[in-house]
Amino acid sequence: MLKKLFLYVAFTITLYVLGYIDPKAAPGMVTRTWAQEIDIEEEIEEEIEDDIEEAIENEIEEAIENELEESIEDDIEEAIEDELEESIEDDIEDAIEDELEESIESQLQASIEDDLEEDIESEVEAGIEAELEESIESQLQAGLEEELEDDLEDELEDDIEDRLERDIGDNLDDDIEDDVDDDIEDDIDDDIDDDIDDDIDDDEAEIARDLERLQQRLALEAQRSMRISGVWLILTDEKTLQSLQQFDFDVISVHHLTGLKKVLVEVVEPDDRELADVRNLLYSVLPDADLVIDFNHIYTYRPEYLAGNKQMATAAELEEKHRQPHSLLPLPQVSTAAVKIGMIDSRVNQNHEALRDIRITAKSFVKPGAKAPIEHGTAVASIIAGQSAAYRGLMPSLDLYSAGVFYQKPNNEQNAEATALILSADWMTRMGVDVINMSLAGPENALLKAALQAMHDQGAVIVAAAGNNGPVGAPLYPAAYDFVVAVTAVTEKNLAYSLANRGAHIDLAAPGVKIQHAASQSQYGYSSGTSLAAPFVSASAAWILANDQAARSSSDKTQTIRQAIYRSARDLGQPGHDDVYGHGLIQPLAIDKELATSATR
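Position labels on residues start from 1 in each chain and follow its written sequence. The predicted nature of this model means local features are confined to residues of pLDDT at least 70 and side-chain atom pairs, given and counted, to a pLDDT of 80 or more, with totals for whole chains, interfaces and linings taken over all residues. Side-chain measures were taken over the full set of non-hydrogen atoms in the model, leaving aside hydrogen atoms and water.

> How would you summarise the overall build of the chain if you had to cite specific residues and measurements?
Each helix corresponds to a stretch of at least 4 residues labelled H or I by DSSP, and each strand to a stretch of at least 2 residues labelled E; elements are numbered beginning at the N terminus. In terms of helices and strands, the chain carries 13 helices and 16 strands. For this analysis, residues touch if any pair of their heavy atoms sits within 4.5 Å. In the chain, once contacts between residues fewer than 6 apart in sequence are set aside, the share between residues at least 24 apart is 75%. Looking at the chain as shown, the accessible area adds up to about 31,200 Å², and 47% of this sits on carbon and sulfur atoms. Exposure was quantified through the Shrake-Rupley algorithm and a 1.4 Å probe, taking into account, for residues, occlusion by the shown protein chains and nothing else.

> An account of the packing of helix H10 (residues 530-547) against helix H12 (residues 557-568) is needed here, citing residue identities and associated values.
Direction vectors running N to C along H10 and H12 enclose 105 degrees, while the axes themselves pass 10 Å from each other. One way to sum up the angle between H10 and H12 is to call them roughly perpendicular. Where H10 approaches H12, its residues Ala541, Ile544 and Leu545 are matched on the opposing element by Lys557, Ile561, Ala564 and Ile565. Of the residues belonging to the contact of H10 with H12, the class tally is six nonpolar, no polar and one charged. For helices, the fitted line uses only the C-alpha atoms of the stretch in contact; every axis is such a line through C-alpha atoms, and the angle between N-to-C directions lies from 0 to 180 degrees. Here the word oblique covers every angle except those under 35 degrees (roughly parallel), over 145 (roughly antiparallel) and from 65 to 115 (roughly perpendicular). Basically, the charged four are Asp, Glu, Lys and Arg, the nonpolar ten are Ala, Val, Leu, Ile, Met, Phe, Trp, Tyr, Cys and Pro, and anything else, Gly included, counts as polar.

> Provide a residue-level description of the sheet that holds strand E12 (residues 461-465), including the pertinent values.
Paired strands are those between which DSSP finds at least two bridges. Taken together, the seven strands give an open sheet; going across it, the order is E7-E8-E6-E11-E12-E13-E14, and neighbouring strands pair in parallel fashion. A single partner strand is all that each edge strand has here, and the edge strands are strand E7 (360-364) and strand E14 (508-511). Across the sheet, the mean angle separating the axes of adjacent strands is 25 degrees when strand polarity is ignored. Bridge analysis of strand E13 (residues 485-490) against E14 gives four bridges, and the strand direction is parallel. Each bridged residue has a counterpart across the sheet, and for Thr488 the counterpart in E14 is Ala509. The sheet strands contacting H10 are strand E6 (340-345), strand E11 (435-438), E12, E13 and E14, and the helix crosses E13 at an angle near 125 degrees.

> Tell me about the packing of aromatic side chains, and please be specific about residues and values.
The rule is short: rings of Phe, Tyr and Trp, with Trp giving its six-membered ring, pair when the centres are within 6.5 Å, and they are stacked under 30 degrees, edge-to-face over 60, tilted in between. What the rule picks out here adds up to seven aromatic pairs. Here the aromatic rings of Tyr481 and Phe483 are separated by 5.8 Å at their centres, their planes lie at 0 degrees, and the arrangement is stacked. Like Tyr481, the residue Phe483 is buried in the burial classification. Put simply, the rings of Phe365, Tyr401 and Trp427 touch in pairs and so form one group of aromatic residues. The criterion for a charge sitting over a ring is simple: Lys NZ or Arg CZ within 6 Å of the ring centre, and within 35 degrees of the ring normal. Stacked on the ring of Phe295, the Lys or Arg Arg227 has its end atom at 4.1 Å from the ring centre. Between Lys363 and the ring centre of Phe365, over which it is positioned, the NZ or CZ distance is 5.7 Å. Throughout, exposure labels follow a simple rule: accessible area from a 1.4 Å probe, protein chains only, divided by the maximum for the residue type, with under 20% read as buried, over 50% as exposed, and the rest as partly exposed.

See below:
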């Protein structure tokens, strides 16, 4: 390179020298002056210097370009490889951590993060590095030469940085997206299934809570609406009665319940006090007292025939007898009146031919002047003990005690007050009644519960109709008390009665649809409802007591009878106890076998 440069300079000088030789002079003679030579030399030197500088600059530029072109590719490759090897792992780890923490962690939580960190690190480190080297090198080599010629020094760093960021970002996004999509697909499928199951469980729990709150609200509304306005009831003992005088209640009446060993007090509801506040006050002032306070709630019954669907039985149907109680539950007859059955219901028409020869002891607890209906009580009494040439009930030979508690309002609505139910319970306790049938239903009442509990503790078996408010109706009382046997109704094909209440408190099922019974005067009719089913269980309980001395002498008659009936019941619906049929359909012949087996043990 330098040799060419010197030759170029010598050639140029020669040209300049020749240009200043006089053509007229003799060959080889120099005619110019020394001064002229000096000027020429200076011009030559200046021009040479300029040419040399220009030539050097051109040569340097070409040399630099060539050397840069040769070395930049090597440098870029080495730089890219070094840069990629040093930064890819960091970039990948940082990108993965950031991406996973921001997007995946929120969706898949801790489990997906562990899976992705293991899978993506191994897959991305192995695959992305090779892919990036191939793709970035080919892209850079295709465009770098042209870009370097325009603005190599300024653009190279920016271009590499931009391309690295873009390519790494794109490839990382693609690979992360692929890996994440695969993992997310698998994990989301599992999580969706889990979430759906959890959501279903949560929804079911929420629905159950909402239903419970609704039932509680409806029960509270029922307690407020189904009561005698302006009257509170207090059930206590003789000792506490004296202490209550300090509260200045406006007393309506005081009933001394000798059978239950309680005192029932009716007081005027104060205008300026809530029941809950007064109750809390009494409990705080008399913490050890035997004391219960509540509203005077209203109870009712609603079989179909009272709702305008009354069906009278024809002579042919009576002759057929297939829906008469004894045909539906053929209990063997008892020769002696060993057991007393009581019924708290409306009054009974004892002059009806089906009840004329039955031993019935009746007492009315309806307030003087109120009209006392007889339809419902007559129907229930005939199912339990009715007997005539055309009709036969379940247990005609037993003594029947009838407490009339229902009165009829001007709109024909038939109600019974909690006061009447408590007074009738005391009377039946004094009469020594063994089984009490309550084909009625209403709101929960603390005094009624206490009175019936006292009866139960003294040995009485209490059976009640579940109620006819439908499958979603709130539990009705007294059937829903745990010491009471709750009875639902079934059809001739042993299907659930459509209007029957349901719930965990249901104990047994019995025939209760289109049951033949005595009508109010001298005829017979058909009716449906849990009110008609309860007498089947009451009669069965009485039959067990009449035939089983061990059950009669048991300290817990209700439990003994329940176990005997439960074991012999025909399971309906879901296996075991359920909210529709309880323990199943009562089976009298199976009960007989159960008692016979027990006697030989």
